[in-house]
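Residue strings, one per chain:
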Amino acid sequence: VLDGGASVQSALAAQVRLLNQRKGKDPLVKLDVIQNSRTGEALLDFLISARDARGVEIVEWNAYRYVPRETGYGREGVMLFAISRRAYGDDKIRGFLTDLKTKRPADINRLARHALPTARIAR
């Protein structure tokens, strides 16, 4: 939860900027944004890859649901509710990417419809 004046659009734009910066060194970067104008929410669906310290390939898929949040202090806030899945090593990655084609739409739908947790910020 960000309650320091961040909006859904500013939080989303920051993450999209980071992903676009990765494109030069990460050939797997893919992203899609789904906007819900009725609720003010946005969903960022993206894929990234990297190598760990031992050189093992890692592929990660994420779906980030950005939700506007009332702060009670007259400022905008954002809650991030997300799914993240990873695969390590070439053999696992192939199966992961194949499965992702069929599982991703259902996972995104579940994330978009899931009841939001209650977040409280200690002051």
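Above this text sits the structure in question.
No experiment lies behind these values; they were computed from the predicted model shown.

**Q** What is the right way to read the overall build of the chain from this model?
**A** When its secondary structure is counted, the chain shows 2 helices and 4 strands. Each of the three principal axes of the chain carries a C-alpha extent, and together these read 50 × 30 × 25 Å. Going through the 123 residues of the chain one by one, you find that 37% of them count as buried. Considering only intrachain contacts with a sequence separation of at least 6, the fraction spanning at least 24 residues in the chain is 55%. Summed over all atoms, the accessible surface of the chain reaches about 8,000 Å², with 51% contributed by carbon and sulfur.

**Q** So what exactly am I meant to see when it comes to the environment of histidine 114 here?
**A** Note that histidine 114 resides in the segment after helix H2 (90-113). In this structure, the C-alpha to C-alpha distance between histidine 114 and lysine 23, residues 91 residues apart in sequence, is 31 Å. With sequence-adjacent residues up to four places away left out, histidine 114 is seen in contact with Arg65 and Phe81.

**Q** Help me out: how do you make sense of the packing of aromatic side chains in this one?
**A** Two aromatic rings are characterised by how far apart their centres lie and by the angle between their planes. As enumerated under the stated definition, the model contains 2 aromatic pairs in all. Here phenylalanine 46 and tyrosine 64 contribute two aromatic rings whose centre-to-centre distance is 4.9 Å and whose plane-to-plane angle is 90°, an arrangement assigned as edge-to-face. On the criterion of sequence distance, the pair formed by phenylalanine 46 in strand E2 (residues 41-51) and tyrosine 64 in strand E3 (residues 57-70) is long-range, its members being 18 residues apart. Each of the two residues, phenylalanine 46 as well as tyrosine 64, counts as buried. Here tyrosine 64 and tyrosine 66 contribute two aromatic rings whose centre-to-centre distance is 6.3 Å and whose plane-to-plane angle is 70°, an arrangement assigned as edge-to-face. When sorted by exposure, tyrosine 64 lands in the same class as tyrosine 66, which is buried.

**Q** What am I meant to see in the sheet that holds E3 here?
**A** Strand order across the open sheet formed by 4 strands is E1-E2-E3-E4, with antiparallel pairing between neighbours. At either margin of the open sheet sits one strand with a lone partner, and together these are strand E1 (30-36) and strand E4 (76-88). Between one strand and the next, the sheet's axes are offset by a mean angle of 15°, whatever the strand orientation. When E2 meets E3, the two strands line up antiparallel, connected through 10 bridges. Along E3, the bridge assignment pairs arginine 51 with glutamate 57. Along the sheet, helix H1 (residues 8-22) contacts E1, E2, E3 and E4; its crossing angle with E2, the most-contacted strand, is approximately 25°. Docked against the sheet, H2 engages E1, E2, E3 and E4, running at close to 15° with respect to E3.

**Q** What is the right way to look at H1 in this model?
**A** Working note: α-helix, 3.6 residues per turn, so residues spaced by three or four point in the same direction. With 15 residues, H1 should reach 21 Å at 1.5 Å per residue; the first-to-last C-alpha distance of 22 Å fits that figure. Of all the positions in H1, only Val8, Ala11, Leu12, Gln15, Val16 and Leu19 are classed as buried. In an axial view of H1, the angular spread of the buried residues amounts to 130°, which keeps them on one side of the axis. Packing partners of the buried residues in H1 comprise E1, E2, E3 and E4.

**Q** Would you mind going over H2 with me for this structure?
**A** Taking 1.5 Å of rise per residue, the 24 residues of H2 would be expected to cover 34 Å, and the 33 Å separating its terminal C-alpha atoms lies within 8% of that figure. The largest bend in H2 amounts to roughly 50° and is located at lysine 101, with the proline proline 105 lying one to four residues further along. Those residues of H2 lying buried are Ile93, Phe96, Leu100, Asp107, Ile108 and Leu111.

Reading the values: rules and limits
- Residues numbered from 1 in each chain as written.
- Predicted model: local features only at pLDDT ≥ 70, side-chain atom pairs only at ≥ 80, totals over all residues.
- Heavy atoms only, no water.
- Helix = DSSP H or I, 4+ residues; strand = E, 2+ residues; numbered from the N terminus.
- Buried < 20%, exposed > 50% of the residue type's maximum accessible area, 1.4 Å probe, protein only.
- Contact = heavy atoms within 4.5 Å.
- Areas by Shrake-Rupley, 256 points an atom, 1.4 Å probe, with all protein chains shown as cover.
- Phe/Tyr/Trp six-rings, centres within 6.5 Å; stacked < 30°, edge-to-face > 60°.
- Pairing = 2+ DSSP bridges.
- Axes fitted to C-alpha atoms, helices over the stretch in contact; angles between N-to-C directions.
- Expected span 1.5 Å × (residues − 1).
- Arc of directions from axis to C-beta.
- Bend = angle between axes of the 7 residues up to and from the residue.

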